[in-house]
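# Descriptive analysis of the structure
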Amino acid sequence: ARWSRVTAGALVIAWCITVAYGATDEWHQMFVPNRHAEFRDLQADAIGALVAGIALKAWVIIKRL
């Protein structure tokens, strides 16, 4: 892959996929004994994906310099 392919659109799509996966994971946990689905976990997934995307975009900008 090339760094030039890391676009804002690609990062938004990656973030959406990550949040969707986190949501399905939380839904799955509702059916697992001794596990609980929590909105805070989904928030943590979303924030983590956002921070990772920002860090990656910053890295791409730095690599261009």
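As shown above, the structure is provided for reference.
All of the points below concern the structure found in this document. Every chain begins its residue count from 1, and numbering advances along the sequence as written. Note on the predicted model: pLDDT of at least 70 is required for a residue's local features to be given, and 80 or more for side-chain atom pairs to be given and counted; whole-chain, interface and lining totals, by contrast, use all residues. Calculated side-chain values reflect all of the structure's heavy atoms, with hydrogen atoms and water omitted.

## Description of unusual backbone geometry
Applied cut-off: Numbering of helices and strands runs from the N terminus; a helix is a DSSP stretch of H or I covering at least four residues, while a strand is a stretch of E covering at least two. Under the scheme applied here, a residue whose accessible area is under 20% of the maximum for its type counts as buried, over 50% as exposed, and between as partly exposed, the area being computed with a 1.4 Å probe on protein chains only.
A positive phi angle, close to 65 degrees, is found at Asn34, a residue other than glycine. Along the polypeptide, Asn34 turns up in the loop between helix 1 (8-29) and helix 2 (39-64). Under the relative-accessibility criterion, Asn34 is labelled exposed at 76%.

## Details of the packing of aromatic side chains
This is how it is decided: Planes of paired rings set the category: under 30 degrees apart is stacked, over 60 is edge-to-face and the rest tilted, where pairs are Phe, Tyr or Trp rings (Trp by its six-membered ring) whose centres lie within 6.5 Å.
One pass over the structure, following the stated rule, counts one aromatic pair. On the basis of an interplanar angle of 80 degrees and a centroid distance of 5.1 Å, the ring pair of Trp27 and Phe31 is categorised as edge-to-face. Residue classification places Trp27 among the exposed residues on the basis of a relative accessible area of 54%.

## Considerations on helix 1
To keep it simple, the criterion reads: By this rule the span expected of a helix is its residue count minus one, scaled by 1.5 Å. By definition, the arc is the one covered by directions from the helix axis to the C-beta atoms. When checking whether two residues touch, look at their non-hydrogen atoms; a contact exists if any pair is within 4.5 Å.
In a regular helix each residue adds 1.5 Å, so 22 residues correspond to 32 Å; helix 1 covers 32 Å between its end C-alpha atoms and thus fits that length. Within helix 1 the residues assigned to the buried category are Val19, Gly22, Glu26 and Gln29. For helix 1, the arc enclosing every buried residue in end-on projection is 80 degrees, short of the 170-degree limit, so these residues lie on one face. Exposed side of helix 1, more than 90 degrees from the buried face: Ile13, Ile17, Tyr21 and Trp27 are the residues found there. The inward-facing, buried residues of helix 1 abut helix 2.

## As for the packing of helix 1 against helix 2
In plain terms, the rule: Axis definition: a line fitted to C-alpha atoms, limited for helices to the stretch in contact. Angles are taken between N-to-C directions and run from 0 to 180 degrees. Just so you know how the angles are binned, under 35 degrees is roughly parallel, over 145 roughly antiparallel, 65 to 115 roughly perpendicular, and the rest oblique. Left-handed describes a crossing whose near helix is turned anticlockwise from the far helix through less than a right angle; right-handed describes the clockwise counterpart. Under the scheme applied here, ten amino acids are nonpolar (Ala, Val, Leu, Ile, Met, Phe, Trp, Tyr, Cys and Pro), four are charged (Asp, Glu, Lys and Arg), and all others, including Gly, are polar.
Put simply, helix 1 and helix 2 touch, their axes get as near as 9 Å, and they point 160 degrees apart. If you check the angle between helix 1 and helix 2, you find them roughly antiparallel. Considering how the two elements wind past one another, helix 1 and helix 2 form a crossing that is right-handed. Within the contact between the two elements, helix 1 uses Ala8, Leu11, Trp15, Thr18, Val19, Gly22, Ala23 and Glu26 and helix 2 uses Asp41, Leu42, Asp45, Ala46, Ala49, Leu50, Gly53, Leu56 and Lys57. Residue composition of the contact of helix 1 with helix 2, by class: 10 nonpolar, three polar and four charged.

## So, helix 2
One turn of an α-helix holds 3.6 residues; hence residues three or four places apart share an orientation. The terminal C-alpha atoms of helix 2 lie 38 Å apart, and with 26 residues this matches the ideal 38 Å at 1.5 Å per residue to within 8%. Restricting attention to buried positions, one finds in helix 2 the residues Leu42, Ala46, Ala49, Gly53 and Val60. Of the surrounding secondary structure, the elements contacted by the buried residues of helix 2 are helix 1.

By themselves, these figures tell us nothing about what the structure is for.
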